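Close look at the chain arrangement
Chain residues, written in single-letter form:
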Amino acid sequence: MKYEVGQIILGTVTGVKPYALFMEFEDGVTGLLHISEISDSFIRDIEKFGTKGDQMKVKIVSIDENNGFLRVSFKQVPAEEAYSSHSNTLRKAPETSDEDFAPLAEKLPEWIANTLEEAKEKNEND
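As the structure is a prediction and not an experimental result, all values here were calculated from the model.

1. Digging into the overall build of the protein chain
In terms of regular secondary structure, the protein chain is built from 2 helices and 5 strands. For the protein chain, the N- to C-terminal ordering of α and β elements is β-β-β-β-β-α-α. Across the 126 residues in the protein chain, those meeting the buried criterion constitute 29%. Summarising the internal contacts of the protein chain: among those between residues at least 6 apart in sequence, 61% fall at separations of at least 24. Accessible area for the protein chain stands at about 8500 Å²; split by element, carbon and sulfur atoms hold 50% of it.

This is how it looks when you write it as structure tokens:
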């Protein structure tokens, strides 16, 4: 199969690292789905998105002319295509919003005040 940049293809995850999913495509061609090309949102655990054996549709971003290695993107695949019945994608990267961090924003002033008070007490005792 001849691959072209911009083409959407189906691949199988063959390996997982904290920074990327390694994939294999038709004809034994291999590629990499970097964590930054999965979602615009922060991904804490890449294995919640994909594990070995999962299949997903990805878009070809670049092709290494020397060895045919593909760099691919999931976030550039239209949603209706990425999660269609033709794709076996099992998971979707969890989306985050400012609301997800609201509890932290509420507690942060208290934590800062406590830390400053502890530092002040420590300085007075030294």
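2. What to know about the sheet that holds strand S2 (residues 20–24)
The strand order around the closed barrel built from 5 strands is S1-S2-S3-S5-S4, with neighbouring strands paired in mixed fashion. Across the sheet, the mean angle separating the axes of adjacent strands is 50 degrees when strand polarity is ignored. Looking at chain direction, strand S1 (residues 8–17) and strand S4 (residues 55–63) are connected through 5 bridges and run antiparallel. For threonine 12, the partnering residue across the bridge sits in S4 and is glutamine 55.

3. Some thoughts on the pairing of strand S5 (residues 70–73)
The side chains of a regular strand alternate between the sheet's two faces. Pairing analysis gives 3 bridges linking strand S3 (residues 30–34) to S5, with the strands arranged parallel. For glycine 31, the partnering residue across the bridge sits in S5 and is leucine 70. Relative to S5, S4 runs antiparallel, the two sharing 4 bridges. Bridged to isoleucine 63 within S5 is leucine 70.

4. Some points on the packing of aromatic side chains
Tallying each qualifying case throughout the model produces 2 aromatic pairs. Geometrically, the ring pair formed by tyrosine 19 and phenylalanine 22 is edge-to-face, given 6.4 Å between the ring centres and 85 degrees between the ring planes. Here phenylalanine 49 and phenylalanine 74 contribute two aromatic rings whose centre-to-centre distance is 4.9 Å and whose plane-to-plane angle is 70 degrees, an arrangement assigned as edge-to-face. One end of the pair, phenylalanine 49, is in the loop between S3 and S4; the other, phenylalanine 74, is in the loop between S5 and helix H1 (79–82), with 25 residues separating them in the sequence. Each member of the pair, phenylalanine 49 as well as phenylalanine 74, is classed as buried.

5. Side note on the pattern of salt bridges
Under the definition given, this model contains 1 salt bridge. Between aspartate 40 and lysine 75 there is a salt bridge; the shortest N-O distance is 3.0 Å. Of this pair, aspartate 40 sits in the loop between S3 and S4 while lysine 75 sits in the loop between S5 and H1, and the two are 35 residues apart along the sequence. The partly exposed category is assigned to lysine 75, whose relative accessible area is 35%.

6. Remarks on the nonpolar core
Core analysis: the biggest nonpolar cluster contains 20 residues, and Phe25, Leu33, Met56, Val58, Leu70 and Val72 have the highest contact counts within it. Among the elements that make up this core, the one with the highest residue count is S4 (3 residues).

The rules we used
- Residues numbered from 1 in each chain as written.
- Predicted model: local features only at pLDDT ≥ 70, side-chain atom pairs only at ≥ 80, totals over all residues.
- Heavy atoms only, no water.
- Helix = DSSP H or I, 4+ residues; strand = E, 2+ residues; numbered from the N terminus.
- Buried < 20%, exposed > 50% of the residue type's maximum accessible area, 1.4 Å probe, protein only.
- Contact = heavy atoms within 4.5 Å.
- Areas by Shrake-Rupley, 256 points an atom, 1.4 Å probe, with all protein chains shown as cover.
- Pairing = 2+ DSSP bridges.
- Axes fitted to C-alpha atoms, helices over the stretch in contact; angles between N-to-C directions.
- Phe/Tyr/Trp six-rings, centres within 6.5 Å; stacked < 30°, edge-to-face > 60°.
- Salt bridge = Lys/Arg side-chain N within 4 Å of Asp/Glu carboxyl O.
- Core = buried A, V, L, I, M, F, W, Y, C linked by side-chain atoms within 4.5 Å.

So yeah, pure geometry; function would need other evidence.
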